[in-house]
Amino acid sequence: MVEVCWFLRGKRFRDSFVAMKNFYGSGTEASVAFQWEPAMHPLVLGWLHTHPHGFGVQPSELDERTMRSWVRSKGQAMICGIQCDEEVNWFDYF
């Protein structure tokens with residue numbers, strides 16, 4: 001099993017968002033690497049990525065560090081979706 005990542009492109013509205021999921025790529029069973037340039041697009045709100053079977057839908061320590069870095073880099077709130085098995089959970093980072 002490898003992790004898979006999709007960019008979320010769309011608009012935020014107060015406590016919700018509307019976005020389309022655009023496949024980006026896959027990585028290893030513990031990470032997905034991607035080029036930073038496409039992620040800086042103004043319509044990118046964040047991403048959805050998978051976790052390995054049984055890992056759960058809570059952010060890992062790496063997820064937390066990554067999201068805090070992206071919020072600082074883009075200067076805006078970001079969304080992180082995590083999918084594991086058949087469950088998906090969404091997190092806002094400010």
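The structure displayed is predicted, hence computed values, not measured ones.

Q: How would you summarise the environment of Asn 22 if you had to cite specific residues and measurements?
A: By the secondary structure assignment, Asn 22 is in strand β2 (residues 16–26). Expressed as a C-alpha distance, the spacing of Asn 22 and Leu 48, which sit 26 residues apart in the sequence, is 9.5 Å. Setting aside residues up to four positions removed in sequence, Asn 22 forms contacts with Trp 6, Phe 7 and Arg 9.

Q: Please set out the packing of aromatic side chains residue by residue, giving values where relevant.
A: Counting across every chain of the model gives 4 aromatic pairs. With 6.1 Å between their ring centres and 45 degrees between their planes, Phe 7 and Trp 47 make a pair best called tilted. Placement of the pair is Phe 7 in strand β1 (residues 4–13) and Trp 47 in strand β3 (residues 44–50), with a sequence separation of 40 residues. On the basis of relative accessible area, Phe 7 is assigned to the buried category, the value being 6%. These aromatic residues form a ring-pair network of at least three members: Phe 7, Tyr 24, Trp 47 and Trp 70. When the ring centre of Trp 6 is taken as origin, the NZ or CZ atom of Lys 21, which lies over that ring, is 4.7 Å away.

Q: Lay out unusual backbone geometry in plain terms, naming residues and giving numbers.
A: Peptide bonds are, in most cases, trans, and in most cases residues other than glycine have a negative phi. In the Ramachandran plot, Arg 14 falls in the positive-phi region, its phi being about 35 degrees despite a non-glycine side chain. As for its placement among the helices and strands, Arg 14 is situated in the loop between β1 and β2. We classify Arg 14 as exposed; its relative accessible area is 82%. Residues other than glycine seldom take positive phi values, yet Asp 85 does so here, at roughly 55 degrees. With respect to the helices and strands, the residue Asp 85 is situated in the loop between β4 (78–84) and β5 (87–93). A relative accessible area of 39% places Asp 85 in the partly exposed class.

Cut-offs applied
Residues numbered from 1 in each chain as written. Predicted model: local features only at pLDDT ≥ 70, side-chain atom pairs only at ≥ 80, totals over all residues. Heavy atoms only, no water. Helix = DSSP H or I, 4+ residues; strand = E, 2+ residues; numbered from the N terminus. Contact = heavy atoms within 4.5 Å. Phe/Tyr/Trp six-rings, centres within 6.5 Å; stacked < 30°, edge-to-face > 60°. Buried < 20%, exposed > 50% of the residue type's maximum accessible area, 1.4 Å probe, protein only. Lys NZ or Arg CZ within 6 Å of the ring centre and 35° of its normal.

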